[in-house]
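Fold and geometry: a report
Letter by letter, the chains look like this.
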Amino acid sequence: MTTSWSDRLQNCAELPANMDGIAMKKYRREAHHSFPRDLAHPAMRVFVNRSLAMEKIKCFGFDMDYTLAVYKSPEYESLGFDLTVERLVSIGYPQELLNFVYDPSFPTRGLVFDTMFGNLLKVDAYGNILVCAHGFNFLRGPEIREMYPNKFIQRGDTDRFYILNTLFNLPETYLFACLVDFFTNCPRYASCESGFKDGDLFMSYKSMFQDVRDAVDWVHFKGSLKEKTVENLEKYVVKDPKLPLLLSRMNEVAKVFLATNSDYKYTEKIMTYLFDFSHGPKPGTPHRPWQSYFDLILVDARKPVFFGEGTVLRQVDTTTGRLKIGTYTGPLQHGIVYSGGSSDIVCDLLGAKGKDIIYIGDHIFGDILKSKKRQGWRTFLVIPELAQELHVWTDKSAIFEELQSLDCFLADLYKHLDSSSNERPDISSLQRRIKVESQGQQPKQGDPDFPLPSHLDQLLWGNPKAFPGQPKNIVPPACPGSSSGPPPSGTCPEHLTREASRWHPNQMPEPPQLAPLNIEKQRLYSESLLDDRASHPISRGEPRHSAEETHFGRLYP
């Protein structure tokens, strides 16, 4: 009989006797204190958007590429970039493109390519344009508004806008910028609004985009990308010695399956390399073939179609790698490799319902959204970039705290105004201060352009000397379980948020409790500030620091 996750947790942790339900939940939340120190690293942590009872999970599903098989960066992206350029040259593009060298610091996932104007866009979840680059030229606010009057795009217009949302898209993201930059600066070509001209020949950005997409698909499915990867697996694939142990432990409490879009021959070589150890799950145990770790192996899944109508389920001849004739209609058999199929077929073979399955993958659309919305599977998204994001939030926590304090103070200046108010506060110096903080700069003490630091700090921390008679009306929140007063500057792991998109209490404290300020004193204070109508850099769409001149990925304060 298999034990549940909660039973295993109790046995391993040696829980105190007579713990009630509330104490048990609290103990589980704080159980990570006994984990090794390296698990506190952002890359080793798991964040949840909602509670998930792991003891109810009956099946663990895995994607292969960029999930079990992590490709080394930038080596793998450079290989894909070079092969794509070679393919473009072979179909008629200029030989000069062969001089391009992949720069891993430029592209980032999630950018949008505008096939009408040839721009790479960084937009928020609502379609507002944050950054716009034409080739390697980052456009300013007025230039952006000439093409996008509202600095806004319809993300749902997939005929025009293409979202580069996978790690496989990084090489082509950089290639789009290279091509636009090359044709814009090459004297043989004349730039037009929607493309380039060479005499009587015209090439639109849309046709260039389609050529690149076709070249990328050719490299992946017909070219030598997989062949070159397999020839030098140590160079391109990360080999984790803990992988066999992970899958072995999962298989003790649930079924484990593999569903990948890769073909069987490539999957066989990659997985054999990942499990190529002299021992089994633990040192001293005998070696096991990679197939033994899975209850179901499915290749050529064709996700996201796999989560809808799917394809015909066929059996793979593991000796030749070819597909056997006919549709497979039998029961689940251990050791058999299947091709195609659908998520419904997987549920039937495993004897599980949608919510019994958690699927782990790297593709936000193909792995996560479709499996959740169409089948109700639980999902686990692998986001390598999150480690860097968390590092930025931690490293720049003081800046984020200051920005939030400024934002709260700005809100307090306005919130007591009503229809009877005839004057508005002068916020120009606040805006300049926000701009400086967002750029990570430190204003010089006594700088006449920045009279805020000394006054604002006194106001925010309730110093009555800031304005005589002004009460201590702003109380900074304390981290739960800590002493009162301003939160300390370190990390507070025991109170880490459960959602990756929320803030750590020490990094981004809750908004201060603001008591009403006297309107007349607000007006007097505002009049004492300099009248410089500088706007926030984000609102202007301008780069916030020099690094943005050349890199999309470095858009942090």
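In what follows, the accompanying structure is described. Counting restarts for each chain: residues are numbered from 1 in the order of the written sequence. Local features in this predicted model are restricted to residues of pLDDT 70 or higher, and side-chain atom pairs are both shown and tallied only at a pLDDT of 80 or more, whereas totals for entire chains, interfaces and linings draw on every residue. Only hydrogens and water are set aside when side-chain values are computed; all heavy atoms of the structure are taken into account.

1. Observations concerning the overall build of the protein chain
Across its full length, the protein chain holds 18 helices and 17 strands. A 1.4 Å probe rolled over the protein chains alone gives each residue an accessible area, and that area as a share of the maximum for its type sets the label: buried under 20%, exposed over 50%, partly exposed in between. Out of the 557 residues in the protein chain, the part that is buried amounts to 43%. Residue pairs in contact within the protein chain that sit at least 24 positions apart in sequence constitute 68% of those at least 6 positions apart. Accessible surface, the protein chain as shown: approximately 29,500 Å² in total, 53% of it carbon and sulfur. Here a strand is any run of E in DSSP of at least two residues, a helix any run of H or I of at least four, and the numbering for each starts at the N terminus. For this analysis, residues touch if any pair of their heavy atoms sits within 4.5 Å. All accessible areas in this document rest on Shrake-Rupley with a 1.4 Å probe, and a residue is counted as covered only by the protein chains that are shown.

2. Focus on the nonpolar core
Among soluble globular proteins, nonpolar side chains are generally buried collectively. Definition of nonpolar core: a set of buried residues of the types Ala, Val, Leu, Ile, Met, Phe, Trp, Tyr and Cys, connected through side-chain atoms within 4.5 Å. Ranked by internal contacts, the top residues of the largest apolar core, which has 75 residues, are Leu179 and Phe294. Ignoring any residue separated from it by four or fewer positions in sequence, one finds leucine 179 in contact with Leu88, Tyr93, Leu97, Phe100, Met208 and Val212. Ranked by size, the runner-up nonpolar core spans 20 residues in total, among them Leu298, Ala301, Tyr328 and Ile336.

3. So, the sheet that holds strand S13 (residues 337-339)
What makes two strands pair is DSSP finding at least two bridges between them. An order of S12-S13-S11-S10-S1-S14-S15 is seen for the 7 strands of this open sheet, with the pairing classed as mixed. Whereas interior strands pair on both sides, the edge strands pair on one side only; in this sheet they are strand S12 (314-315) and strand S15 (378-381). Two elements, strand S1 (residues 59-62) and strand S14 (residues 357-361), share 4 bridges in a ladder whose sense is parallel. Note that in S14 the partner of cysteine 59 across the bridge is isoleucine 357. In this analysis, axes come from line fits to C-alpha atoms, helices being fitted only over the stretch in contact, and the angle between any two N-to-C directions falls in the range 0 to 180 degrees. Helix-sheet contacts for helix H11 (residues 343-350) involve S1, strand S10 (255-259), strand S11 (296-299) and S14, and the interaxial angle to S11 is about 165°.

4. Here we look at the packing of helix H3 (residues 75-90) against helix H6 (residues 205-221)
As a packed pair, H3 and H6 sit with axes 9 Å apart at the nearest point and diverge in direction by 120°. Between H3 and H6, the angle is such that the two are oblique. The crossing of H3 and H6 is right-handed. Across the interface between the two elements, Leu83, Thr84, Arg87 and Leu88 from H3 touch Asp211, Val212, Ala215, Val216, Trp218 and Val219 from H6. Throughout this entry, Asp, Glu, Lys and Arg are counted as charged residues, while Ala, Val, Leu, Ile, Met, Phe, Trp, Tyr, Cys and Pro are counted as nonpolar. The remaining residues, Gly among them, count as polar. Residue composition of the contact of H3 with H6, grouped by class: 7 nonpolar, 1 polar and 2 charged. Small angles under 35 degrees read as roughly parallel and large ones over 145 as roughly antiparallel, with 65 to 115 read as roughly perpendicular and the rest as oblique. The hand of a helix crossing depends on one turn: near helix anticlockwise from the far one by less than a right angle means left-handed, and clockwise means right-handed.

5. Thoughts on the pairing of strand S4 (residues 129-134)
Buried residues dominate S4, accounting for 5 of its 6 residues. Judged from the 5 bridges that link them, strand S3 (residues 119-123) and S4 form a sheet pairing that is antiparallel. When the sheet's bridge partners are listed, leucine 120 is paired in S4 with alanine 133. Joining the antiparallel neighbours S3 and S4 is a turn of 5 residues, in which glycine 127 adopts a positive phi near 100°. Pairing of S4 with strand S5 (residues 137-138), which is carried by 2 bridges, proceeds in the antiparallel orientation. Directly across from histidine 134, in S5, lies its bridge partner asparagine 137. The antiparallel pairing of S4 with S5 creates a hairpin that spans 2 residues between the two strands, and glycine 135 there sits at a positive phi of about 70°.

6. As for the packing of helix H14 (residues 397-414) against helix H15 (residues 428-438)
Here H14 crosses H15 at 165°, and the two axes come no closer than 10 Å. Overall, the two elements H14 and H15 adopt an arrangement that is roughly antiparallel. Once H14 is placed against H15, the crossing between them reads as left-handed. Where H14 approaches H15, its residues Ile399, Glu402, Leu403, Leu406, Phe409, Leu410 and Leu413 are matched on the opposing element by Leu430, Arg433, Ile434, Glu437 and Ser438. Tallied by class, residues from the contact of H14 with H15 come to 8 nonpolar, 1 polar and 3 charged.

7. Considerations on the side chain of asparagine 169
For asparagine 169, the location among the structural elements is in the loop between strand S6 (161-164) and helix H5 (170-185). By relative accessible area, asparagine 169 is classed as buried at 5%. Each polar contact in these results corresponds to two N or O atoms within 3.5 Å; when the atoms are within protein, one needs to be able to donate a hydrogen and the other to accept it, and residues that are neighboring in sequence are counted only if both atoms are side-chain atoms. From its side chain, asparagine 169 meets the backbone nitrogen of asparagine 165 in a polar contact 3.2 Å long. Among the polar contacts made by the side chain of asparagine 169, one reaches the side chain of glutamate 172 at a distance of 2.9 Å. If we skip the residues at most four places from it in the chain, asparagine 169 touches Tyr162, Ile163, Leu164 and Arg213.

8. Describing the packing of aromatic side chains
Within a pair of aromatic rings, the relevant descriptors are the distance that separates the centres and the angle that separates the planes. Aromatic rings from Phe, Tyr and Trp, taking only the six-membered ring of Trp, are treated as a pair when their centres fall within 6.5 Å; an angle between ring planes under 30 degrees marks them as stacked, one over 60 as edge-to-face, and anything in between as tilted. Scanning the model with the defined rule gives 35 aromatic pairs in all. Between tyrosine 66 and phenylalanine 168, the ring centres sit 4.9 Å apart and the planes meet at 75°, which makes this aromatic pair edge-to-face. Pair noted here: tyrosine 66 is in the loop between S1 and H3 and phenylalanine 168 is in the loop between S6 and H5, with a separation of 102 residues, a long-range link. Here the aromatic rings of phenylalanine 81 and tyrosine 102 are separated by 5.7 Å at their centres, their planes lie at 45°, and the arrangement is tilted.

9. Section: unusual backbone geometry
Put simply, serine 73 and proline 74 share a cis peptide bond, and its omega is 10°. Residue position: proline 74 is located in the loop between S1 and H3. A cis amide bond, omega 10°, links lysine 303 with the succeeding residue proline 304. Among the secondary structure elements, proline 304 is positioned in the loop between S11 and S12. Of note in the backbone geometry, aspartate 300 takes a positive phi value of approximately 50° without being a glycine.

10. Focus: a nonpolar patch on the surface
Patch criteria: residues need more than 30% relative accessible area and no salt bridge. Like-charged residues are merged within 9 Å; nonpolar side chains of Val, Leu, Ile, Met, Phe, Trp and Tyr are merged within 5 Å. What makes a salt bridge here is a side-chain nitrogen of Lys or Arg within 4 Å of a carboxyl oxygen of Asp or Glu, nothing more. On the surface, Val46, Val48 and Phe380 cluster together into a nonpolar patch covering about 230 Å² of accessible area. Topologically, valine 48 is positioned in the loop between helix H2 (21-29) and S1. Exposure remark for valine 48: the relative accessible area of 33% places this residue in the partly exposed category.

11. Points about the sheet that holds strand S2 (residues 111-114)
Sheet architecture is open: 5 strands sit in the order S5-S4-S3-S2-S6, paired in antiparallel fashion. Each having just a single partner strand, S5 and S6 make up the two edges of the open sheet. Docked against the sheet, H6 engages S2, S4 and S6, running at close to 125° with respect to S2.

12. Some points on the environment of aspartate 65
By the secondary structure assignment, aspartate 65 is in the loop between S1 and H3. On a C-alpha basis, the gap between aspartate 65 and glycine 361 in space is 8.4 Å, while along the polypeptide they are 296 residues apart. Apart from residues lying up to four places away in sequence, aspartate 65 is in contact with Tyr71, Phe168, Thr260, Ser262, Tyr266 and Asp362. A distance of 2.5 Å separates the side chain of aspartate 65 from the side chain of tyrosine 71, its partner in a polar contact. Here serine 262 takes part through its side chain, which lies 2.7 Å from a polar atom of the side chain of aspartate 65.

13. A word on the state of the cysteines
Criterion for a disulfide: a pair of cysteine sulfur atoms at a distance within 2.5 Å. Within the structure shown, the criterion is met by 0 disulfides. Here cysteine 347 is not disulfide-linked; the sulfur of cysteine 59 is the nearest cysteine sulfur, at 7.9 Å. Its relative accessible area of 9% is what places cysteine 347 among the buried residues.

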